[in-house]
Amino acid sequence: MYDPTHLRTFLAVAQTLSFTQAARRLGVRQSTVSQHVRRLEDAAGRQLFSRDTHSVELTEDGEAMLGFARRILEAHEQAAAFFTGTRVRGRLRFGASEDFVLTRLPEILEGFRYDHPEVDLELTVELSGTLHEQLAAGKLDLVLAKRRPEDPRGELVWRDDLVWIGAERLRLEPDRPVPLIVYPPPGITRARALEVLEEQGRPWRIVCTSGSLNGLIAAARAGLGVMAHSRRLIPPGLFRLPDRAGLPDLGKVDFVLVHGRRRGLAGEAAHALAAAVLAGGERLRRRSG
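Conventions adopted
- Residues numbered from 1 in each chain as written.
- Predicted model: local features only at pLDDT ≥ 70, side-chain atom pairs only at ≥ 80, totals over all residues.
- Heavy atoms only, no water.
- Helix = DSSP H or I, 4+ residues; strand = E, 2+ residues; numbered from the N terminus.
- Rg over C-alpha atoms; globule rule 2.2 N^0.38 Å.
- Contact = heavy atoms within 4.5 Å.
- Areas by Shrake-Rupley, 256 points an atom, 1.4 Å probe, with all protein chains shown as cover.
- Lys, Arg positive; Asp, Glu negative; His and termini not counted.
- Charge placed at Lys NZ, Arg CZ, Asp CG, Glu CD.
- Buried < 20%, exposed > 50% of the residue type's maximum accessible area, 1.4 Å probe, protein only.
- 1 Å grid on protein atoms, 1.4 Å probe; cavity = no way out; pocket = protein on both sides within 12 Å on 5 of 7 lines; lining within 4 Å.
- Points joined across faces, edges and corners; volume = space filled by probe spheres on them.
- Nonpolar A, V, L, I, M, F, W, Y, C, P; charged D, E, K, R; others polar.
- Phe/Tyr/Trp six-rings, centres within 6.5 Å; stacked < 30°, edge-to-face > 60°.
- Polar contact = N/O pair within 3.5 Å; in protein donor to acceptor, adjacent residues only side chain to side chain.
- Axes fitted to C-alpha atoms, helices over the stretch in contact; angles between N-to-C directions.
- Parallel < 35°, antiparallel > 145°, perpendicular 65-115°, else oblique.
- Left-handed = near helix turned anticlockwise from the far one by under 90°.
- Core = buried A, V, L, I, M, F, W, Y, C linked by side-chain atoms within 4.5 Å.
- Salt bridge = Lys/Arg side-chain N within 4 Å of Asp/Glu carboxyl O.

Asks: Help me get a handle on the overall build of the chain, residues and values and all.
Replies: Broken down by element type, the chain carries 11 helices and 11 strands. What you see for the chain is a C-alpha radius of gyration of 20 Å, in line with the 19 Å of a compact globule of 289 residues. Considering only C-alpha atoms, the chain reaches an extent of 65 × 45 × 30 Å along its principal axes. Long-range pairs, those at least 24 residues apart, make up 77% of the contacts in the chain between residues at least 6 apart in sequence. Carbon together with sulfur atoms contributes 49% to the accessible area of the chain, which is approximately 14,500 Å² in total. The distance from the centre of the 42 positive side-chain charges to the centre of the 37 negative ones in the chain is 1 Å.

This is the structure we're talking about:
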């Protein structure tokens with residue numbers, strides 16, 4: 001009833017919320033993406049996206065289709081692998097930033113290990129900037145991390161707003177430096193926070209530095225200061241600061257998959273895990289807890 005090609009196109013649009021970006025990801029024309037979505041909507045008898053010239057959003061039926069599409073494609077790929085006798089194997093060095101490891105990534109990794117038991121998965125958890133450096137040095141095969149705005153590398157998993165967060169009781173004094181809770185260099189959110197404050201001419205001081213997200217969260221919950229964080233991954237017990245706090249806009253952040261240079265078995269395993277991450281992208285976008 002539902003063509004796997006149309007379902008893959010649907011997932012690409014749902015993850016990027018852009019027909020243009022979905023076409024780029026799939027390597028097809030934008031008109032082809034529109035055609036696939038229209039045919040899937042015809043097959044379902046429901047509208048899956050609400051779209052105009054400025055935005056694309058999932059409808060309620062589209063949200064429901066996400067889960068169905070993922071499970072249908074997983075079953076399709078498992079059947080294809082079983083009957084063709086193909087088995088992905090080898091050692092895969094995968095790097096992920098702590099944001100993902102503490103949220104929904106374990107569910108995706110568990111499913112990947114179930115589907116590909118012959119892959120020896122080695123997980124590295126680090127700052128996004130450090131992961132990109134290790135990938136460039138050939139120490140990792142695949143990275144799931146944030147990307148600097150000017151960096152063109154990587155396949156977009158999703159784009160989110162960077163926002164200021166802190167304890168609910170936290171109040172900032174407008175005549176005092178902004179108390180910052182940050183990762184050490186080369187943290188991408190750290191660099192962005194310092195950049196926008198400097199551009200605004202707003203004084204700041206670092207009250208806590210930690211390479212661990214748990215350490216940053218503990219400091220923020222204690223009311224020591226504010227931190228820059230993905231809007232969709234705000235940890236429990238912390239809250240987005242209101243506009244009246246007067247802090248500058250942090251802009252957007254991209255979460256991307258970047259492949260290393262290795263080929264052969266490691267390259268095949270990396271592509272299989274990347275497909276699993278992209279198929280489960282909607283789970284990564286949900287809030288922790």
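From this point, the discussion proceeds with the structure in view.
Asks: Hey, could you go over unusual backbone geometry for me, with residue numbers and the actual values?
Replies: Both trends apply: most residues other than glycine have a negative phi, and most peptide bonds are in trans. The step from P185 to P186 runs through a cis peptide bond, and the omega angle for that step is 5°. Examined against the element boundaries, P186 turns out to sit in the loop between β7 (178-182) and α8 (188-200). Phi is positive for L17, close to 50°, though the residue is something other than glycine. Within the element layout of this structure, L17 appears in the loop between α1 (4-16) and α2 (19-26).

Asks: Would you mind going over helix α7 (residues 128-136) in detail, with residue names and values included?
Replies: Every buried residue of α7 is accounted for by S128, G129, T130, L131, H132 and L135. Packed against the buried residues of α7 are β3 (90-97), β4 (119-126), β5 (142-147), α8 and β11 (252-259). Trailing α7 by a residue or two, G138 shows a phi angle of about 80°, which is positive.

Asks: I'd like to hear about empty space enclosed by the protein, residue by residue, with values.
Replies: Inspection of the entire model under this criterion finds 1 cavity of 30 Å³ or more. Computed from the structure, the largest cavity encloses a volume of approximately 100 Å³. Together, 14 residues line the largest cavity, and I181, Y183, T189, M227 and A228 are the ones closest to its centre. Of all elements in the fold, only β7, α8, α9 (213-221) and β9 (227-230) reach the threshold of two or more residues within the lining of the largest cavity. Residue classes in the lining of the largest cavity are distributed as 8 nonpolar, 3 polar and 3 charged.

Asks: Please provide a residue-by-residue account of the packing of aromatic side chains, values included.
Replies: Under the counting rule described, the total for this entry stands at 3 aromatic pairs. An angle of 70° between the planes, with centres 6.1 Å apart, marks the rings of F19 and F49 as edge-to-face. On the criterion of sequence distance, the pair formed by F19 in helix α2 and F49 in strand β1 (residues 49-51) is long-range, its members being 30 residues apart. Both residues of the pair, F19 and F49, belong to the buried class.

Asks: Provide a residue-level description of the side chain of D160, including the pertinent values.
Replies: Here D160 shows up in strand β6 (residues 155-166). Within the local environment of D160, its side chain forms a polar contact with the backbone nitrogen of R231, the two atoms lying 3.3 Å apart. Looking at D160, its side chain comes within polar contact range of the main-chain nitrogen of R232, at 2.8 Å. Here D160 is in contact with S230, R231, R232, G251, K252, V253 and F255, once residues within four sequence places are set aside.

Asks: An account of the packing of α1 against helix α3 (residues 30-44) is needed here, citing residue identities and associated values.
Replies: Axis separation between α1 and α3 bottoms out at 9 Å; the angle between their running directions is 110°. As the angle between them shows, α1 and α3 are arranged roughly perpendicular. In the packing of α1 onto α3, the handedness of the crossing is left-handed. Residues T5, H6, L7, T9, F10 and V13 of α1 touch α3, and the partners they reach there are V33, H36, V37, R39 and L40. Among the residues forming the contact of α1 with α3, the class breakdown is 6 nonpolar, 4 polar and 1 charged.

Asks: Explain the nonpolar core to me, using residue names and the numbers behind them.
Replies: In this structure, F94, W164 and L273 are the most contacted members of the largest nonpolar core, which totals 42 residues. Sort the elements by how many residues they give to this core and helix α10 (residues 264-279) lands first, with 7 residues. Listed in part, the 20 residues of the second largest apolar core include A12, F19, L48 and L73.

Asks: So, the pattern of salt bridges: which residues are in play, and what are the values?
Replies: In the structure shown here, the tally under the stated rule is 11 salt bridges. A salt bridge links D160 to R231, with the nearest nitrogen and oxygen atoms 4.0 Å apart. Of this pair, D160 sits in strand β6 while R231 sits in the loop between β9 and β10 (239-240), placing them 71 residues apart in sequence. Residue classification places R231 among the partly exposed positions, given a relative accessible area of 31%. Within this structure, D160, D161, R231 and K252 form a network of salt bridges that share partners.

Asks: Explain the environment of T5 residue by residue, including any values.
Replies: Locating T5 in the fold gives a position in helix α1. In the structure, T5 is positioned 32 residues away from V37 in sequence and 10.0 Å away in space, judged by C-alpha atoms.

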